[in-house]
Amino acid sequence: MIKGNFPIDKFKELQTPFYYYDMKVLEDTLHTAADEAGKYGYHIHYAVKANANPRILQLIARHGFGADCVSGGEIRAALDAGFPANSIVFAGVGKADWEINLGLDSDIFCFNVESLAELLVIEELAKAKGKVANVALRINPDVDAHTHAKITTGLKENKFGINLSMLGSVLDHFPLEHVRLIGIHTHIGSQITDMTSFQSLAIRINEIQDELEARGITVRNINLGGGLGIDYHHPNHLPIPEFGVYFAAIHKLLKVRPGQQIHFEPGRSIVAQCGTLISRVLYVKEGEVKRFAILDAGFTELIRPAMYDAYHRIENISNDLPVSVYDVVGPICESSDVFARDCELNEVHRGDFIALRSAGAYGEVMASQYNCRKLPNAYFSDQL
Ligand code: LLP
């Protein structure tokens, strides 16, 4: 069984569970993403929601990426990490007044507006400050992302964005005095591996642009959101997502107007593969038909399997003994606290280190303190 490279001797001194980040994998991913986007002059705003660990954010900012934020807290985290304010886009269906004011005071690049109600509040708050807010309308493009129901967002009936059929009535409110319409924004879902979804999105954006132009509106910015999937099954063979294929697919179909800027908001594809949740085996429990490997990590540290039935590759990195089959479970008092059923692992013993791979995105950042547990620590390959 091929496994990741981990400094196990160093791990022995650390209290499990914890997140371990391979900074070389992150650097390589950032270089590839930047190079591939650079071929077409595309702009990347890293989706902070995927991982807001300060060291991770700082490295991404140093590589010249912008930030995509969905809360005032994320705007602060992005600014603290060194992302320039004029590279920050701010989405979210429920922006509170203080969050809009923070965006205005910080002079962020753009508010991605999700409803007419929100647009009018931004106009009012910007007026009170004597400012003009840049906005992009988030349009619900009605494109099927063919992904998990809980992480698809671009279909018609959805809390996100403005439905295509209602776009006209929102546009009727322009021009506004304190809001400048600078773009359109879309996001169809997450963990998308089928490029035809992105191709459909590009074609739909062309249609939307035609409609806008028929009304005499040309926007300077087109934002296609995030969503590029990663290979959860082969983190050792394919650690870097296919940014080249993704951007080329969009480039082939998207009709870019002169002077227009194209933006993306990838989260998972940037940070997923650099992160691993490291845990120790507390007990091996023999059942009547099953054998359980009971870990000291649970859904409090990595909620994706419990919440989305997500698959994470699991490796026993302590030995190379013959393989056996286990249900890998956590210590939380909930029957959904299961990482995997019938999982093949090198024979498991109390104290073994278990690696839950591809956990850099939506892992540490979604951790909770349920059962009065401590939030997990994070360690970095270049600091151990
Ligand atoms: N832009 C917007 C407007 C978004 O809503 C999202 C993710 C992204 C960008 C980044 O998408 P990504 O490139 O990471 O796919 N917790 C779930 C994923 C939720 C994604 C929410 N929105 C998971 O663990 O799978």
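Position numbers for residues count from 1 along each chain, tracking the sequence in the order it is written. It should be noted that, the model being predicted, local features are given only for residues of pLDDT at least 70 and side-chain atom pairs only at 80 or more, the latter also being counted only at that level, while totals for whole chains, interfaces and linings use all residues. Note: side-chain values were computed over all heavy atoms of the structure, leaving out hydrogens and water.

1. As for unusual backbone geometry
Stage number 1. Omega for the bond connecting Thr16 with Pro17 falls within 30 degrees of zero, at -5°, which places this linkage in the cis form.
Stage number 2. Mapped onto the elements of the fold, Pro17 is located in the loop between helix 1 (8-11) and strand 1 (18-21).
Stage number 3. Here the bond from Phe174 into Pro175 is cis, since omega is 0°, no more than 30 degrees from zero.
Stage number 4. Each helix corresponds to a stretch of at least 4 residues labelled H or I by DSSP, and each strand to a stretch of at least 2 residues labelled E; elements are numbered beginning at the N terminus. Along the chain, Pro175 turns up in the loop between helix 7 (167-171) and strand 8 (179-185).
Stage number 5. Here Asp309, not a glycine, exhibits a phi torsion of approximately 55°, which is positive.

2. Considering the environment of Cys343
Stage number 1. Within the element layout of this structure, Cys343 appears in strand 15 (residues 338-346).
Stage number 2. Through-space distance from the C-alpha of Cys343 to that of Ile314 is 7.9 Å; in sequence the pair is 29 residues apart.
Stage number 3. Any two residues whose heavy atoms approach within 4.5 Å at even a single point are treated as in contact. Look past the residues within four positions of Cys343 in its chain and what remains in contact with it is Ile314, Ser324, Val325, Tyr326 and Val328.

3. Digging into the packing of helix 2 (residues 23-38) against helix 9 (residues 243-253)
Stage number 1. Only the stretch in contact is used when fitting a helix axis, every axis being a line fitted to C-alpha atoms; angles between N-to-C directions are given from 0 to 180 degrees. Remark: helix 2 packs on helix 9, axes separated minimally by 9 Å, with the N-to-C direction vectors making an angle of 20°. By the angle between their directions, the pair helix 2 and helix 9 is classed as roughly parallel. Read as a crossing pair, helix 2 and helix 9 show a hand that is right-handed. Seen from helix 2, the contacting residues are Thr29, Thr32, Ala33, Glu36 and Ala37; seen from helix 9, they are Phe243, Gly244 and Phe247.
Stage number 2. Charged means Asp, Glu, Lys or Arg here, nonpolar means Ala, Val, Leu, Ile, Met, Phe, Trp, Tyr, Cys or Pro, and polar covers whatever is left, Gly included. By residue class, the composition of the contact of helix 2 with helix 9 is four nonpolar, three polar and one charged. Orientation is classified from the angle alone, with under 35 degrees giving roughly parallel, over 145 giving roughly antiparallel, 65 to 115 giving roughly perpendicular, and any other angle giving oblique. For any pair of crossing helices, the crossing counts as left-handed if the nearer helix is rotated counterclockwise from the farther one by less than a right angle, and right-handed if it is rotated clockwise.

4. Here we look at the domain arrangement of the chain
Accessible area lost during the coming together of the parts is what is often quoted as the interface size.
Stage number 1. Where a domain begins and ends is set by an automatic assignment or by a domain database. Once the domains are mapped, the chain shows domain 1 (8-18 + 273-383) and domain 2 (23-270).
Stage number 2. For domain 1 and domain 2, the distance between their C-alpha centres works out to 33 Å.
Stage number 3. Each side of the interface is counted separately: domain 1 has 21 residues, and domain 2 has 23 residues.
Stage number 4. Between domain 1 and domain 2, the buried area comes to about 2200 Å², and carbon and sulfur atoms account for 53% of it.
Stage number 5. When the area that domain 1 buries against domain 2 is broken down by residue, the three leading residues are Gln273, Tyr362 and Phe380, summing to 31%.
Stage number 6. By definition here, a salt bridge exists when the distance from a side-chain nitrogen of Lys or Arg to a carboxyl oxygen of Asp or Glu is within 4 Å. Here domain 1 is connected to domain 2 by one salt bridge.
Stage number 7. The salt bridge involving Asp382 is made with Arg55; its shortest N-O contact spans 2.8 Å. When two parts are put together, the accessible area they lose, computed with a 1.4 Å probe and summed over both, is reported as buried area.

5. Comments concerning the environment of Arg138
Stage number 1. Along the chain, Arg138 falls in strand 6 (residues 133-140).
Stage number 2. Along the primary structure Arg138 and His45 are separated by 93 residues, whereas in three dimensions their C-alpha atoms are 16 Å apart.

6. Digging into the site of the ligand
Stage number 1. Here, proximity means that at least one heavy atom of the residue falls within 4 Å of the molecule or strand. As a structural note, the neighbourhood of the ligand is formed by 19 residues, with Ser190, Glu265, Arg304, Tyr308 and Tyr362 the closest of them.
Stage number 2. In protein, a polar contact requires one atom able to donate a hydrogen and another able to accept it; more generally it is a pair of N or O atoms within 3.5 Å, and residues adjacent in sequence count only if both atoms are side-chain atoms. Here Ser190 contributes a side-chain N or O atom positioned 2.3 Å from an oxygen atom of the ligand.
Stage number 3. The Shrake-Rupley method, run with a 1.4 Å probe sphere, supplies the accessible areas, and residue values consider only the shown protein chains as cover. Protein contact buries 91% of the 580 Å² of open area that the ligand shows by itself.
Stage number 4. Residue classes in the shell around the ligand are distributed as six nonpolar, seven polar and six charged.
Stage number 5. Inspection of the shell around the ligand shows a minimum of three residues originating in each of domain 1 (8-18 + 273-383) and domain 2 (23-270).

7. Things to note about the pairing of strand 8
Stage number 1. Buried residues are those whose accessible area, probed at 1.4 Å on protein chains only, stays under 20% of the maximum for their type, while exposed residues exceed 50% and partly exposed ones sit between those limits. The element strand 8 is extensively covered by neighbouring structure, given that six of its seven residues are classed as buried.
Stage number 2. With six bridges joining them, strand 6 and strand 8 adopt parallel strand pairing. If you follow Ala136 over to strand 8, its bridge partner there is Gly183.
Stage number 3. The pairing of strand 8 with strand 9 (residues 221-223) spans three bridges and is classified as parallel. Each residue of the ladder has a partner; that of His185, found in strand 9, is Asn223.
Stage number 4. Following the backbone out of strand 8, through helix 8 (residues 195-214) and into the adjacent parallel strand 9, one traces a crossover that is right-handed. DSSP calls a pair of strands paired once it identifies at least 2 bridges connecting them. By definition, the crossover connecting two strands over a helix is right-handed if that path, from the first strand to the second, turns clockwise as seen with the strands pointing away from the viewer.

8. Quick look at the nonpolar core
Stage number 1. Nonpolar cores were defined as sets of buried Ala, Val, Leu, Ile, Met, Phe, Trp, Tyr and Cys residues, with membership established by side-chain atoms within 4.5 Å. Residues Phe83, Phe111, Leu137 and Ile270 are the most contacted members of the largest nonpolar core, which totals 99 residues.
Stage number 2. Ranked by residues supplied to this core, first place goes to helix 8 with seven residues.
Stage number 3. Both domain 1 (8-18 + 273-383) and domain 2 (23-270) contribute no fewer than three residues apiece to this core.
Stage number 4. Not counting residues within four places of it along the chain, the set of residues in contact with Ile270 comprises Leu26, Thr29, Leu30, Ala33, Tyr46, Ile60, Phe65 and Phe243.

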